Structures are given as C-alpha cells and as structure tokens.
Amino acid sequence: MTHKEIVNATINFVKETLQGAEGGHDWFHIQRVFNNTKLITKEENVDELIVCLGALLHDIADAKFYDGDETIGPKMAAEFLISIKVDQSIIDHVVRIIENISFKSSLDNKKDRFNSLELQVVQDADRLDAIGAIGIARAFNYGGFKNRELFNPDIAPNLTMTKEEYKKSTAPTINHFYEKLLLLKDKMNTETGKKLAENRHQYMLEYLKQFDHEWNGLA
C-alpha cells in the first residue's frame, strides 16, 4: 500500500471504531488533532507517515473509557497496522507514541521515557485540542459525561497529583483547568505548537475570569 492508502485505510478504521464515542474523544477530535499535526509538520523535519498514524490512532481506545487499562489502545493500533501490512519499525514507533502521548504519563517523572520528534509533534497537536474554545467545550462535555460538578469552591485544585491520583480524580470540571489545561502552554514541544498555544491559553484565562465573576454575582 502507498502512504496515502495506509492513511486513508486508517481514517476509515478510526471512524468506524469511534462511532458513538464520547464527544470530546470521538472522530472529530481525531480529525482536529490530525489537522493540527499537519500544520505543525510544515515546520518540522519528521516522518510524515508516522506522525499521521500517531495522530489518527492516539485515542483509538483511551484508557479512561476502559477502566484505566493503558494497554488496549496500543494493542488495537498495532493489530490494525499489522493487518494492513505496515512496516514493523513504523508500527513500533506509532505504538510508542500512543503509550507516551498523554498528559498523565508526564506525571510519573520517568527519566528514561521514550521521546522522538514525531511524538513531540503529535503530542502538541493533541494538547492544542485540549485548550482554547474547543478545550473548554471538551472539558465540560466530559465533566457532564461523568456527572461531575461544574465547580465547588470547597474543593481546591490538586496541583501536585501523581499519575494514579490524576487517573482516579473526580474533581469538578473547573479544577481540571488548573490541574491540566492551564499547564499545557508551557509543556508544548515545537515552536509552532508554542505559538498556537498562546492565544488559546489567553482565551481560557479570560473565560475563567468571566466564570468567576458570574459565579460570585459580579457580572
């Protein structure tokens, strides 16, 4: 198969697999990350097939929807790529991207963590979709999906969470901004990612300011 055929087959697989998925982790999320990836790739010297496949398959089975099992997504991605006869070295790289892309993976402070420019590009593309207007919408969509409070002034954000604490958190959605979303701007890897994150970060700050005013009857 040509690179284009591999990508198109992967798009079809992801669309079918994610039918009915939660709105913040559905095909449209994947499509936005895929588009962000292509935008960042223009400025980076990367293996475009690996980057495309990493973007398309990074949330094929998000652990939060599988009782925290982080092995299902990489396994599902590998089995699919094997089925369409993708080179094993490419499969291995894509699987490592899926295993290491998430924010929670950065909380365990491993010194020997896998890294590559391809991972950095896909990670930035994914993080861009977690901030700004889309990020706000996704946060509250997931909070509603999990029946979480919008905000509770008696529950302070936990800014020193471990990976396991993060996975088990049931905190109000507003806390998620302080525990993750507002931290992403400074975790971007690429210059393009950093530039794109600035405006989205400022948008979230303005939103939180307005939210606070309305919550306290000031606006």
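Use the structure listed above.
Described in the following lines is the structure provided in the data block. (Residues numbered from 1 in each chain as written. Predicted model: local features only at pLDDT ≥ 70, side-chain atom pairs only at ≥ 80, totals over all residues. Heavy atoms only, no water.)

1. Overview of the overall build of the chain
Okay, step 1: Tallying secondary structure elements over the chain gives 10 helices and 0 strands in all.
Okay, step 2: Put simply, the chain runs from its N terminus to its C terminus through helices and strands in the order α-α-α-α-α-α-α-α-α-α.
Okay, step 3: Computed over the C-alpha atoms, the radius of gyration of the chain is 18 Å, within 12% of the 17 Å expected from 2.2 N^0.38 for a compact globule of 219 residues.
Okay, step 4: C-alpha atoms of the chain, sized along the principal axes, occupy 60 × 35 × 35 Å.
Okay, step 5: Counting only residues that meet the buried cut, the chain has 49% of its 219 residues in that class.
Okay, step 6: Taking as baseline every contact in the chain between residues at least 6 positions apart, the subset at least 24 positions apart corresponds to 67%.
Okay, step 7: For the chain, the computed accessible surface area is about 11700 Å², with 49% contributed by carbon and sulfur atoms.
Okay, step 8: Separation of charge centres in the chain, based on 27 positive and 34 negative side chains, amounts to 1 Å. (Helix = DSSP H or I, 4+ residues; strand = E, 2+ residues; numbered from the N terminus. Rg over C-alpha atoms; globule rule 2.2 N^0.38 Å. Buried < 20%, exposed > 50% of the residue type's maximum accessible area, 1.4 Å probe, protein only. Contact = heavy atoms within 4.5 Å. Areas by Shrake-Rupley, 256 points an atom, 1.4 Å probe, with all protein chains shown as cover. Lys, Arg positive; Asp, Glu negative; His and termini not counted. Charge placed at Lys NZ, Arg CZ, Asp CG, Glu CD.)

2. Details of helix H3 (residues 48-57)
Okay, step 1: Summarising burial for H3: 9 of the 10 residues are buried, a large majority.
Okay, step 2: Buried within H3 we find Leu49, Ile50, Val51, Cys52, Leu53, Gly54, Ala55, Leu56 and Leu57.
Okay, step 3: The residue sitting at the N-terminus of H3 and contributing the capping side-chain oxygen is Asp47; that oxygen lies 3.1 Å from the backbone nitrogen of Leu49. (Polar contact = N/O pair within 3.5 Å; in protein donor to acceptor, adjacent residues only side chain to side chain.)

3. Digging into the pattern of salt bridges
Okay, step 1: Across all of its chains, the model carries 10 salt bridges by this definition.
Okay, step 2: For Lys163, the salt bridge goes to Glu70, with nearest N and O atoms at 3.1 Å. Of this pair, Lys163 sits in helix H8 (residues 163-168) while Glu70 sits in the loop between H3 and helix H4 (72-83), placing them 93 residues apart in sequence.
Okay, step 3: Look at Lys163 and you get buried, because its relative accessible area is 15%.
Okay, step 4: The salt bridge partner of Lys185 is Glu198, with a shortest N-O separation of 4.0 Å. Placement of Lys185 in the loop between helix H9 (173-179) and helix H10 (191-215) and of Glu198 in helix H10 is noted, with a sequence separation of 13 residues between them.
Okay, step 5: Classification of Lys185 as buried rests on a relative accessible area of 18%.
Okay, step 6: The class for Glu198 is partly exposed, based on a relative accessible area of 35%. (Salt bridge = Lys/Arg side-chain N within 4 Å of Asp/Glu carboxyl O.)

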